[in-house]
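Chain by chain, the residues run as shown.
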Amino acid sequence: MDAAVRQANTDTCVSFNTVQIDVKALRDNYTFLRKKSRAELFLAMVKANAYGHDMAVCAQILEQAGCDAFGVAELPEAIALREAGVRGKILVMLGFAPQNVEEMVTYDITPLIYDSGCLEGLSREAVRQNKEVGIHLKVNTGMCRLGFELPQLQDVLSAIARLPGLSVCGMATHFPEADDPLSSSTRECFARFNSFAAQLGDMPHVIRHVANSGATLYFPETHRDMVRCGISLYGYYPEGRDTQNRNELQPVMSFSTRVLQVREVEAGVPVSYGGTYITSHRSRLAVLPVGYEDGYSRGLSGCGEVLIRGKRAPVRGRICMNLCMVDVTDIEGVQPYDEAVLLGSQGDDRIDADDLAEKLGTISYEILCMIGNNNRRCFVGQ
Ligand SMILES: *Cc1c(COP(=O)(O)O)cnc(C)c1O
């Protein structure tokens with residue numbers, strides 16, 4: 001067993017609710033994407049605590065599997081990765097605050113730079129620590145989020161060339177529509193990126209990276225020197241459900257709980273806060289210790305489903321903070337302590353993050369963050 005996984009599993013699961021992270025599925029997804037990619041380097045996006053899957057454990061597993069680099073949003077996450085023993089490149093996608101230059105340099109963190117205001121401070125600190133700091137330039141090609149514009153680039157490059165201790169070692173952009181293989185946006189943004197990259201002239205060591213999961217899967221010409229995969233590593237297609245049944249990616253997270261109590265209810269009885277559901281016939285309800293505090297959104301009131309004894313049990317009435325009720329009238333023999341699966345498979349059936357996302361009008365990314373980051377995780381399948 002991996003040391004990281006062993007350590008993360010030492011606290012025995014005490015809650016009824018368990019998020020399981022399938023380490024083998026994570027490794028398999030990585031292997032698949034790595035084969036799919038034409039780039040020499042691979043960056044695993046582990047921001048948002050690895051989309052709810054545990055950043056330190058996932059990064060350690062992926063680093064052992066050969067992953068070169070890791071992407072996080074902010075510096076504290078990057079430091080936590082270093083403290084967990086990650087040695088690969090760590091990119092902070094949002095840059096850093098001026099008062100944190102010392103940590104940036106001490107921990108060898110690579111910033112994405114989208115504003116030249118931070119460069120002098122970083123240069124001074126690099127010189128003070130007698131280090132060379134590599135920076136990646138973020139350029140805007142259509143996302144309209146962070147990044148330099150084309151006319152600014154020459155000035156930025158000359159400013160960096162004048163500052164001691166700094167060197168440009170990467171250039172990146174981000175696509176707004178790469179999850180849609182039919183959209184022309186990605187090709188247009190990529191062409192704009194190539195105009196930025198052309199201005200670098202003869203800087204062959206600069207890593208050019210643009211491809212998120214969508215571009216890694218659907219736009220191989222954009223892979224360049226490094227791809228940056230997030231959602232696909234965790235087993236989901238960026239555009240949603242795998243309608244073509246390609247089955248190349250395996251969901252890594254599952255979420256289950258236990259039935260607390262089973263109750264018989266007459267017809268005409270209101271269930272849960274506000275009585276929004278009234279039993280239409282004599283029913284059997286299972287009470288589950290899961291609610292919106294556990295990342296099972298209140299938006300699933302009256303429309304969620306869970307798996308018990310391999311069958312679907314619909315959520316009845318409103319989801320409470322730590323409880324909800326599901327209808328098990330049509331499921332034989334349900335008893336307290338039976339397993340209820342909220343995300344994942346049981347018997348021949350499966351509920352995945354895209355199912356929950358469709359009901360909530362969101363995307364799998366948000367479901368994984370909500371469920372993963374609100375529950376105790378345990379790691380299986382190593
Ligand atoms: C989150 C993120 C990614 C990964 O996106 P996925 O769709 O999850 O693969 C790549 N690049 C940047 C800049 C990001 O913020």
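Residues numbered from 1 in each chain as written. Predicted model: local features only at pLDDT ≥ 70, side-chain atom pairs only at ≥ 80, totals over all residues. Heavy atoms only, no water.

1. Notes on the nonpolar core
In this structure, Leu-137, Met-171, Leu-233 and Ile-308 are the most contacted members of the largest nonpolar core, which totals 115 residues. It is helix α4 (residues 55-64) that provides the largest number of residues to this core, a total of six residues. Ranked by size, the runner-up nonpolar core spans six residues in total, among them Tyr-277, Leu-285, Val-287 and Met-325. (Core = buried A, V, L, I, M, F, W, Y, C linked by side-chain atoms within 4.5 Å. Buried < 20%, exposed > 50% of the residue type's maximum accessible area, 1.4 Å probe, protein only. Helix = DSSP H or I, 4+ residues; strand = E, 2+ residues; numbered from the N terminus.)

2. Let's talk about the site of the ligand
Residues in contact with the ligand amount to 13 residues; listed here are only the nearest, Lys-47, Tyr-51, Ser-213, Ile-231 and Tyr-365. Interatomic distance of 3.4 Å between a side-chain N/O atom of His-174 and a nitrogen atom of the ligand. Taking Ser-213, its side chain carries an N or O atom lying 2.5 Å from an oxygen atom of the ligand. A total of 390 Å² of accessible area belongs to the ligand in isolation, and the protein chains cover 93% of it. (Near = heavy atom within 4 Å. Polar contact = N/O pair within 3.5 Å; in protein donor to acceptor, adjacent residues only side chain to side chain. Areas by Shrake-Rupley, 256 points an atom, 1.4 Å probe, with all protein chains shown as cover.)

3. Quick word on the pairing of strand β7 (residues 166-172)
Extensive coverage of β7 is indicated by the burial of six of its seven residues. The sheet contact formed by strand β6 (residues 133-138) and β7 spans six bridges and is parallel. Opposite Gly-134, over in β7, you have Ser-167 as the bridge partner. (Pairing = 2+ DSSP bridges.)

4. Examining the packing of aromatic side chains
Counted according to the given criterion, the structure contains three aromatic pairs. Centroid distance Tyr-51 to Tyr-234: 4.9 Å. Interplanar angle 35 degrees. Geometry classified as tilted. Taken as a pair, Tyr-51 in helix α3 (residues 47-52) and Tyr-234 in the loop between β9 (226-229) and β10 (253-258) lie far apart in primary sequence, 183 residues in all. Tyr-234 shares its class with Tyr-51; the two are buried. Linked through ring pairs, Tyr-51, Tyr-234 and Tyr-365 together constitute an aromatic cluster. (Phe/Tyr/Trp six-rings, centres within 6.5 Å; stacked < 30°, edge-to-face > 60°.)

5. With respect to the environment of Val-271
If you trace the backbone, Val-271 turns up in strand β12 (residues 270-271). Between the alpha carbons of Val-271 and Arg-128 there is a distance of 66 Å; along the sequence they are 143 residues apart. Those residues in contact with Val-271 that sit more than four places away from it in its chain are Thr-276, Tyr-277, Thr-279, Leu-285, Arg-316, Gly-317 and Met-325. (Contact = heavy atoms within 4.5 Å.)

6. Some thoughts on the side chain of Asn-29
Mapped onto the fold, Asn-29 is located in helix α2 (residues 23-36). For Asn-29, the side chain forms a polar contact with the main-chain oxygen of Gln-250, separated by 2.9 Å.

7. Quick word on the packing of helix α11 (residues 353-360) against helix α12 (residues 364-372)
It is at 8 Å that the axes of α11 and α12 come closest, and there the two elements cross at 105 degrees. With respect to α12, the axis of α11 lies roughly perpendicular. Contacts from Ala-353, Asp-354, Leu-356, Ala-357 and Leu-360 in α11 reach Ser-364, Ile-367, Leu-368, Met-370 and Ile-371 in α12. Tallied by class, the residues present in the contact of α11 with α12 amount to eight nonpolar, one polar and one charged. (Axes fitted to C-alpha atoms, helices over the stretch in contact; angles between N-to-C directions. Parallel < 35°, antiparallel > 145°, perpendicular 65-115°, else oblique. Nonpolar A, V, L, I, M, F, W, Y, C, P; charged D, E, K, R; others polar.)

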